[in-house]
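# Close look at the chain arrangement
Chain by chain, the residues run as shown.
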Amino acid sequence: MEIVCPAGTPAALRAAVKAGAHTIYCGFADETNARNFPGLNFDRVEMRDSVAFAHQHGSKVLVAINTFPRAGDEAIWHRAVADAESCGADAVILADAGLLDYAARHHPNLRRHLSVQAAAANADMVNFYAETFGVKRVVLPRVLSVPEIAAINAETEVETEVFVFGGLCVMAEGRCSLSSYATGRSPNMNGVCSPASHVEYHDHNGVLDAQLGGYTIHRAQKGDAAPYPTLCKGCFSAGEKTDHLFEDPVSLNAEQLIPQLQKAGVTALKIEGRQRSRSYVTQVVRNFREAVDALEDGRPMPQGMLARLSEGQAMTTGAYKKTWR
C-alpha cells in the first residue's frame, strides 16, 4: 500500500522523501489549503523545486487545494489548480464540487483526488464524484470502521485512502462551526482551526485558563500542563461531570490495523500532520514504510514505535473499532 505523508515545508518534504514516503501531500501558502498557518506551506517556486526533488527520488506529490472558494473570489482557487499542474504535481486534492468541475473541464489531464473535507462516506457518493468529475481517489472520512471501508471498496473501482496516524478531527472533517463561531475564521473557508492569533492564557491565582476567541476551553491547575485550546479537545462541565466532551487529546494510530485495511481494499495510508517537524515526519514515515514492507514480505510488523510521537503520548484507533464510551 502507498504511504501518503504530510509536508508543511520544503524541508519536511525532503525529509519525507528520504525516509521512504511513496507520496507527499502539501499546499500553497494561502487560503486554498486547509492548513493555512503562518510559517507553513509552499510558494510557487518552492513547490516546483520540491516536486522536481520528489520525482528525482521516485516519490509523488499531491497538492491540497481543499478549502471551499469564496463567492466572487473563485479565481484564487482556479489559479492554484493551474499552478499545481504547471509545477508538475501528480494530483490535486479537491473538496468543492465547483472546483472539481472547473479542474475537470480546464485541466483534464491533471489527476483529481477527493479530499476528506468532502466527507464521501458511502459508495454512492464515491461513484458520483468519479462519474461526474473523473475523481480517481477518495480520502475517506475518519468515521468509518474497517468493515464499512471494505463495503465501500466492494462497490467502487475508485482508489480509497484512509488516515492511519496523527490528529483526529471529529467536527465533520474540518467544517467546524464551533471554531468558526469562536474565532470568526473558518477551517473550511480560511484553512485555520483554532488559529494562534486567537489563543490566550490567563493566570487566576495559580489556575491557568486556556482561551480561544475569549472562550475558556481548558483550565489547568498549578503544575499541570496547559494544552493548546482546540475546541473539540477542550475540557467541559456538564451536570456534575467535567471531562473531554467531544474528543480526548489523543492521536490516531492504526498501525496494527494495516493488514485489515489491506484486506479491505485500501490503496493508500495517510499520515496527518503538516504542522509537524522534520523529525516527526522522518520517524513516522520510516515506521509505516517498515510496516508496509514487512507486510508485503510476509514478515512480522514492528510494534509500539510511535507511542512517544502521539498527542499526550496516548493513542486510539478511533472509529476503526468504535470502542469509545
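Residues numbered from 1 in each chain as written. Predicted model: local features only at pLDDT ≥ 70, side-chain atom pairs only at ≥ 80, totals over all residues. Heavy atoms only, no water.

Before going further, it helps to examine the overall build of the chain. Check the secondary structure of the chain and you find nine helices and 15 strands. For 325 residues, the compact-globule estimate of 2.2 N^0.38 gives 20 Å, and the C-alpha radius of gyration of the chain, at 20 Å, lies within 12% of that figure. Principal axes of the C-alpha set define a box for the chain whose edges measure 60 × 55 × 40 Å. Buried residues in the chain amount to 53% of all 325 residues. A gap of 3 Å separates the mean positions of the 32 positive and 36 negative side-chain charges of the chain. (Helix = DSSP H or I, 4+ residues; strand = E, 2+ residues; numbered from the N terminus. Rg over C-alpha atoms; globule rule 2.2 N^0.38 Å. Buried < 20%, exposed > 50% of the residue type's maximum accessible area, 1.4 Å probe, protein only. Lys, Arg positive; Asp, Glu negative; His and termini not counted. Charge placed at Lys NZ, Arg CZ, Asp CG, Glu CD.)

Quick look at the sheet that holds strand β9 (residues 207-212) now. Overall, antiparallel pairing links the three strands, which are arranged β8-β9-β10 in an open sheet. Every other strand in the sheet has two partners, leaving β8 (199-204) and β10 (215-220) as the edge strands with one partner each. Across the sheet, the mean angle separating the axes of adjacent strands is 25 degrees when strand polarity is ignored. Across six bridges, β8 lies against β9 in antiparallel orientation. Pairing of tyrosine 201 across the sheet is with alanine 210, part of β9. (Pairing = 2+ DSSP bridges. Axes fitted to C-alpha atoms, helices over the stretch in contact; angles between N-to-C directions.)

This part takes up the pattern of salt bridges. Applying the stated criterion to the full structure yields 15 salt bridges. Notably, a salt bridge pairs aspartate 30 with arginine 44, separated by 3.3 Å at the nearest N-O pair. Of this pair, aspartate 30 sits in the loop between β2 (23-26) and α2 (44-56) while arginine 44 sits in helix α2, placing them 14 residues apart in sequence. The residue arginine 70 makes a salt bridge to aspartate 73 at a minimum N-O spacing of 2.9 Å. By sharing partners, the salt bridges in this structure join Glu2, Lys60, Arg111, Arg137, Glu159, Glu161 and Lys270 into a single network. (Salt bridge = Lys/Arg side-chain N within 4 Å of Asp/Glu carboxyl O.)

Just distances and angles here, no functional claims.
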